[in-house]
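# Residue-level structure breakdown
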Amino acid sequence: MPRPVMADRRSSRRRPRGEADPPGLAPRRAALRLLDAIVRRGDPLDVAMHAAAQGLVGADRAFAVAIASEALRWMTDIDALVDGATAQPLPDDVKSRAVLRIALAQLLVLKSPGHAVVATALPLVDGGPRRLVHAILSRAQKEKWELPARASLPPAAAERWTAQWGATMIEAAAESWSVPPPIDLSFAAEPAPDEWPDAVALAPRHRRLPRGQAVEAMPGFAEGGWWVQDLAASLPARLLGAGAGRTILDLCAAPGGKTMQLAAANWAVTAVDSSARRLERLRANLTRTGLAATIVQGDIRTWEPDAAADAVLLDAPCSATGIFRRHPDVIHRIEPRQIEEMATLQAGLLARAAKWVKPGGTLVYATCSLERAEGEDQVAAFLDAHRGWAIDAARPDELATGITPDINGCVRTLPGQIADAGGLDGFFIARLRAPDA
Ligand SMILES: C[S@@+](CC[C@H](N)C(=O)[O-])C[C@H]1O[C@@H](n2cnc3c(N)ncnc32)[C@H](O)[C@@H]1O
């Protein structure tokens, strides 16, 4: 049996001033900073990117994100390997553990050459136990460490989801976050049957492609006939059907995936969002696709429309735990406190949105969350507090192949659904009907 690696204080040393950086250190340093910002400070990956990857461009930037993403995805299993090799578990927040996470992600997931991984890991330990890190990385190579077939979910998320959805969902969630998700495209108009021969159509104006293609290089990107949107994310707008020129408030609209669907379905869309930066992306998306909407920057906690609309879509800000397979930072940083805060915010936004629906009109509420507090519980509380409102049950023919409404007529997508076709993100969607005047 191999002897556990011991921490050795004598092995700690700072790098001498003037020692040249080994090639490839910059993206690894950025990956380490990214991991630190996400795991210790709870920053979202895209926010952490600004500070962590400053000065990095192109392939180096993409490499930094790939390392951090794989370290997050496989963190529980990488930690288990490291803990099995050390005499005492390293504290969770020491730099040497973080360096080992990114180094082993390179070695075991991205299959980077061992010498490059070791040469770039040791300078990052900087004042910590270099010899310990070196010994673990040497052992990983000598013993040909392997990760399990499926990445384990972080224990806190696994526990929370087991309580809400049962053990089968956890299996499916672990399965779905171990493999890169496919690319879903939404189309402004139904493409010709022979136009996307390698794609699968799971709903009208939808095509699913295997992962690994550069989106900008795909046919028709510049012409703007389609945009990337997970199939589950396309369901809320599908429940609104054809607009026939009627008015809709698209609340929390940026970067505009649903705005484009609604505009393409002939709704007169007012797209509202509080983030100027995200509205820029919405504007660029509309320009590329040639679709039209009125764009308003406003915080819907205080903003008011001039008039009620035929329909309102509230794609509410949420914990985003449903998109964990695309954003592996999410389940490491979301805690019950944030879910509670989001649920409180959503209840307030939903109550305001309801006031802006014409009598007899439609309100669609959606979140990309796997937490009942942000979905089922939210709608139950809304219906308790708003007399005359009712769920307008979704019909299977309005959804996508393999997706059916729940017993209340709402839509709950979970990992494991349409798994053979590549799965889908976790969403909750309710279509609500306003009382007649
Ligand atoms: C789930 S994302 C929306 C995605 C978008 N509907 C789409 O399909 O592309 C939530 C959005 O809510 C916005 N947001 C958060 N709080 C808000 C508020 N109080 N008022 C308006 N927008 C808000 C965020 O800026 C973010 O763009």
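In this text the structure is predicted, and so the values were computed from the model without any measurement.

Let us look at the packing of helix H8 (residues 155-165) against helix H9 (residues 167-178). Where H8 contacts H9, the axes come no closer than 7 Å and their chain directions differ by 135°. Relative to H9, the element H8 lies oblique. Here H8 contributes Ala-158, Trp-161, Thr-162 and Trp-165 to the contact with H9, which in turn contributes Ala-167, Met-169, Ile-170 and Ala-173. Within the contact of H8 with H9, the residues separate by chemical class into seven nonpolar, one polar and no charged.

Domain annotation for the protein reports domain 1 (9-142) and domain 2 (231-433). Inter-centroid distance (C-alpha atoms) of domain 1 to domain 2 is 38 Å. Domain 1 puts nine residues into the contact, and the matching count from domain 2 is five residues. Counting residues per element, the ones that place at least two in the side of domain 1 that touches domain 2 are helix H1 (25-39) and helix H3 (58-73).

Taken residue by residue, the protein gives an average pLDDT of 92. The fraction at 70 or more is 96%. Scored below 50 in pLDDT, residues 8-12 shows eleven contacts in the model against residues more than four places distant or in partner chains. Two summary scores accompany this predicted model of the complex, namely pTM at 0.91 and ipTM at 0.99.

Pro-255 follows Ala-254 through a cis peptide bond whose omega is 5°. With respect to the helices, strands and loops of the structure, Pro-255 is situated in the loop between strand S4 (247-251) and helix H11 (257-264). The backbone of Lys-144 sits at a positive phi, close to 50°, despite the residue not being glycine. You can see Lys-144 is positioned in the loop between helix H7 (130-142) and H8. Taking the number of C-beta atoms within 10 Å as the measure of exposure, Lys-144 has 7 and is therefore exposed. Not every positive phi belongs to a glycine, and Cys-252 is a case in point at roughly 65°. Within the secondary structure layout, Cys-252 lies in the loop between S4 and H11.

Further remarks concern H9. Here H9 contains twelve residues, and its C-alpha end-to-end distance of 17 Å stays within 8% of the 16 Å for a straight helix at 1.5 Å per residue. On its buried side, H9 packs onto H3 and H8.

What follows covers the nonpolar core. Leu-34, Val-312 and Leu-314 are the most contacted members of the largest nonpolar core, which has 124 residues in total. With nine residues, helix H5 (residues 95-109) is the largest single contributor of residues to this core. Each of domain 1 (9-142) and domain 2 (231-433) accounts for three or more of the residues forming this core. Residue contacts for Leu-34: discarding those within four places in its chain leaves Leu-45, Ala-48, Met-49, Ala-52, Ala-64 and Ala-68.

Quick notes on the rules
Residues numbered from 1 in each chain as written. Predicted model: local features only at pLDDT ≥ 70, side-chain atom pairs only at ≥ 80, totals over all residues. Axes fitted to C-alpha atoms, helices over the stretch in contact; angles between N-to-C directions. Helix = DSSP H or I, 4+ residues; strand = E, 2+ residues; numbered from the N terminus. Parallel < 35°, antiparallel > 145°, perpendicular 65-115°, else oblique. Contact = placed C-beta atoms within 7 Å. Nonpolar A, V, L, I, M, F, W, Y, C, P; charged D, E, K, R; others polar. Domains from an automatic or database assignment. pLDDT = per-residue confidence, 0-100. Buried ≥ 20, exposed ≤ 12 C-beta atoms within 10 Å, placed from the backbone. Expected span 1.5 Å × (residues − 1). Core = buried A, V, L, I, M, F, W, Y, C linked by C-beta atoms within 7 Å.

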